[in-house]
Amino acid sequence: MVNNINPMVAESETTGRYLVLFREDAVDAGMQMLSESASINRFGEADGPIVLSTLGVAVVDAAPAQLRSLRMSADENSPILAIEPERVVYALEEPELGYPKLLRSPTTIDVTADYLKGYRDAVNQLVGNLLPTEQGLTLTAVDESVATWGLQATKVVNSSYSGQGIKVAVLDTGFDLNHPDFIGRTIQTKSFILGEEVQDGHGHGTHCIGTAMGALKPSQLPRYGIAYNAEIYAGKVLSNQGSGADGGILQGIEWAIANGCQVISMSLGSPTKVGTPYSRVYEAVAQRALSRGTLIVAAAGNESRRDKGVIKPVGHPANCPSIMAVAALDSQLQIAWFSTRGINPDGGQIDIAGPGVAVRSSWPMPKQYNTISGTSMATPHVAGIAALHAQASGVKGQELWNLLVKTARRLPLPSEDVGAGIVQAP
């Protein structure tokens, strides 16, 4: 039976279009049922339906009343399993910069006293982290002259594997194809943003690709990349302003699966609330990806403000049980103050953690490098290390997931915050 659209989903920022999940063996029948029951734009039109046959999903522009009628008439044999509003998603910006919504409309920001106080407290906590602790551990004490602290903490610097023969897709704001550290690399690209090329006009995607698959010997030390011999698949699913929609992300996932990518890294999403259910569409897509040998890892979200006692749940789509949700740690292996927690009982748990505070990686020229923070930075650490494990063991899909969890270094922190612990290279 097709479930009703959950009101909590409908409350989030949406595009006005809908995601329709079909039975894997009934995509054509499902589209026929849609066309007969609802007024949807025809194929070939600019805003016509997007049909992803491999994933069994369509993105359609249809009247809500007609879709509601379609759901009510569906039975257990229906080719349509679920219908959801298409969400707007964002690159998970460095939390010190504020929320994406504030970044998008600088001329309309209402800077309140609470916002300024929160910003002040965040900066104060960051400064506090830079100072010595009772145990003598400091962020500044980490020697990054040769390799970043994240590559040291995850044992990447000790690994003999390079990701050779493994394909990793990073779905983000694109990639700087002119970056000198990637000359000679095998790079496949595709843009799913209308009117924009893959060339990264934002920076977020280039940073994430750098962490996952940067050079063994970059033009400037320290080394910041993990799977330096993996094949790079750069899918632009977020615009140069850092925003996109579910439809583009799902197209990127289908593209990656069709090209045989063993790992998909997604440092993107949208916030959720306590009690918000995960997307049935994304969950089915992730399950279908795993069955085809593709592991999807995603950033858990940056909405918490732990210095103020505010802890938020894992965001969309990382809150799906079959997508590996990644939390962020600092160099003292403490949970990052912005990292979300596995609060919602029905899905939404943290699965694993990675380095996510003060992470140096590649950036579009001419800047070339940048150091930023976020669960966005932790996620490509997991993706790159997944490529090393895939090369070392030959496993993929669910077995690769199990191996990452099994080999993670346990931490004296709640599993709701860090899952199995910090990811470790083979």
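For the structure given in this document, a descriptive report is provided here. (Residues numbered from 1 in each chain as written. Predicted model: local features only at pLDDT ≥ 70, side-chain atom pairs only at ≥ 80, totals over all residues. Heavy atoms only, no water.)

A few words on helix α10 (residues 375–393). Look at α10: 27 Å from first C-alpha to last across 19 residues, which is about the 27 Å you get at 1.5 Å a residue. Within α10, 16 of the 19 residues are buried, which leaves it mostly tucked inside the rest of the structure. (Helix = DSSP H or I, 4+ residues; strand = E, 2+ residues; numbered from the N terminus. Expected span 1.5 Å × (residues − 1). Buried < 20%, exposed > 50% of the residue type's maximum accessible area, 1.4 Å probe, protein only.)

Right, let's get into the packing of helix α8 (residues 246–258) against helix α9 (residues 280–291). At a minimum axis distance of 11 Å, the contact between α8 and α9 shows a crossing angle of 10°. On the basis of the axis angle, α8 is roughly parallel to α9. Note on element contacts: α9 touches α8 through Val281, Tyr282, Val285 and Ala289, opposite Asp246, Ile249, Leu250, Ile253 and Ile257. (Axes fitted to C-alpha atoms, helices over the stretch in contact; angles between N-to-C directions. Parallel < 35°, antiparallel > 145°, perpendicular 65-115°, else oblique. Contact = heavy atoms within 4.5 Å.)

Further remarks concern the packing of aromatic side chains. Under the criterion given, the structure shown has five aromatic pairs. Ring plane angle 70° and centroid distance 5.7 Å describe the contact between tyrosine 224 and tyrosine 369, whose orientation is recorded as edge-to-face. In this pair, tyrosine 224 sits in the loop between α7 (204–213) and β7 (231–236) while tyrosine 369 sits in strand β15 (residues 369–372), placing the two residues 145 residues apart along the sequence. As far as burial versus exposure is concerned, tyrosine 224 and tyrosine 369 are alike and both buried. Feature note: the residues Phe192, Tyr233 and Trp255 constitute an aromatic cluster, connected by ring pairs. Sitting over the ring of tyrosine 369, arginine 360 keeps its end group 4.4 Å from the ring centre. (Phe/Tyr/Trp six-rings, centres within 6.5 Å; stacked < 30°, edge-to-face > 60°. Lys NZ or Arg CZ within 6 Å of the ring centre and 35° of its normal.)

Per the stated rule, a full pass over the model turns up nine salt bridges. With a shortest N-O distance of 3.8 Å, arginine 288 and glutamate 24 are connected by a salt bridge. Remark: glutamate 24 occurs in the loop between β1 (14–22) and α2 (27–37) and arginine 288 occurs in helix α9; sequence separation between them is 264 residues. By relative accessible area, arginine 288 is classed as buried at 8%. Glutamate 24 gets classed as partly exposed once you look at its relative accessible area, which sits at 43%. A salt bridge links aspartate 246 to arginine 87; the shortest N-O distance between them is 3.6 Å. On the criterion of sequence distance, the pair formed by aspartate 246 in helix α8 and arginine 87 in strand β4 (residues 80–91) is long-range, its members being 159 residues apart. (Salt bridge = Lys/Arg side-chain N within 4 Å of Asp/Glu carboxyl O.)

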